[in-house]
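Examination of the molecular architecture
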Amino acid sequence: MSRVAIVTGGTRGIGEAISVGLKDAGYLVAAVYAGNDEAAERFTNKTGIPAYKFDVSDYDQCAEGVGKVVSDLGPVDVVVNNAGITKDGTLHRMSFDQWNSVIQTNLSSCFNMCHCVIEGMRERGFGRVVNIGSVNGQAGQYGQANYAAAKSGIHGFTKALALEGAAKGITVNAIAPGYIDTDMVRAVPERVLEKIIATIPVGRLGHAEEIARGVLFLVSEDAGFITGSTLSMNGGQHMY
Ligand code: CAA
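Model, not experiment: these values are computed from the prediction.

Spatially, the seven strands line up as an open sheet ordered β3-β2-β1-β4-β5-β6-β7, and their pairing is parallel. Whereas interior strands pair on both sides, the edge strands pair on one side only; in this sheet they are β3 (51-53) and β7 (230-233). The sheet shows a mean angle of 20 degrees between the axes of neighbouring strands, taken without regard to direction. Relative to strand β4 (residues 78-81), strand β1 (residues 4-8) is paired through three bridges, and the arrangement is parallel. Pairing of Ile6 across the sheet is with Val79, part of β4. Relative to strand β6 (residues 170-177), helix α6 (residues 145-165) is tilted by about 160 degrees, and along the sheet it contacts β5 (127-132), β6 and β7.

So this is what it looks like as structure tokens:
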């Protein structure tokens, strides 16, 4: 029987590539999105993957949304916490809302989604969680105190939950992408982006599909010995 996977932020960018990769590998996929109805409709028409609209920063919406996925597709085996936003600005100009919305959407969403599925995974003795961090959570980034804090938090969350799930067949890993050719990165001012690309040894932005291949590996049955790890996929921009 096909495994059921939820991908948050699953209709655009890196998440779209992950949703499609999982579908092509035989998973029953639910792609979650928060706002862009037009993109979600286009995504579903193109891929045949159902899109579910709810805000992953809101616990009650997650509980309701995950419940819907379970009744449509079955118990959830795989969660990819990919949804993320940027509200860049240097700290002295950053509002509390810029700080808080990025923390809630990028980090609290991991708690919300995992909390809604973890009991079932424990009961069934199998689960795969992949949290999408960032090179900027590992290395820091000018103008991203909020985003770097959230992404860095994801890496700690991953390790703690990995310890809790290990004896129950649940693996929890993170991927830390570098700069990937998506709308989010294209929103960086061009002169800044040029400087950033100059620091990437492979000399280019990454492709969303490259990140998706990492996710596919980590969620596979035979990756059961890998847990609590972070896979850095950044073209050599940051190594540690
Ligand atoms: N790397 C190198 N130099 C940078 C830089 C960076 N990441 N960010 C800013 N700078 C430089 C600018 O080029 C500028 O230098 P010059 O005066 O020599 O041109 C100087 O720092 C000041 O920058 P700004 O003039 O842009 O300052 P600002 O106050 O107007 O804007 C900012 C600040 C909104 C943070 C803007 O600089 C910016 O958007 N920076 C990009 C931040 C970034 O990298 N965001 C990543 C988004 S993608 C993502 O997050 C995905 C992921 O996981 C990798």
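In this section: the side chain of Thr8. Looking at the secondary structure, you find Thr8 in strand β1. Within polar-contact distance, the side chain of Thr8 engages the backbone nitrogen of Ala83 at 2.9 Å. Setting aside chain neighbours within four positions, we find Thr8 in contact with Val32, Val56, Val80, Asn81, Asn82, Ala83 and Met113.

Definitions and limits used
- Residues numbered from 1 in each chain as written.
- Predicted model: local features only at pLDDT ≥ 70, side-chain atom pairs only at ≥ 80, totals over all residues.
- Heavy atoms only, no water.
- Pairing = 2+ DSSP bridges.
- Helix = DSSP H or I, 4+ residues; strand = E, 2+ residues; numbered from the N terminus.
- Axes fitted to C-alpha atoms, helices over the stretch in contact; angles between N-to-C directions.
- Contact = heavy atoms within 4.5 Å.
- Polar contact = N/O pair within 3.5 Å; in protein donor to acceptor, adjacent residues only side chain to side chain.

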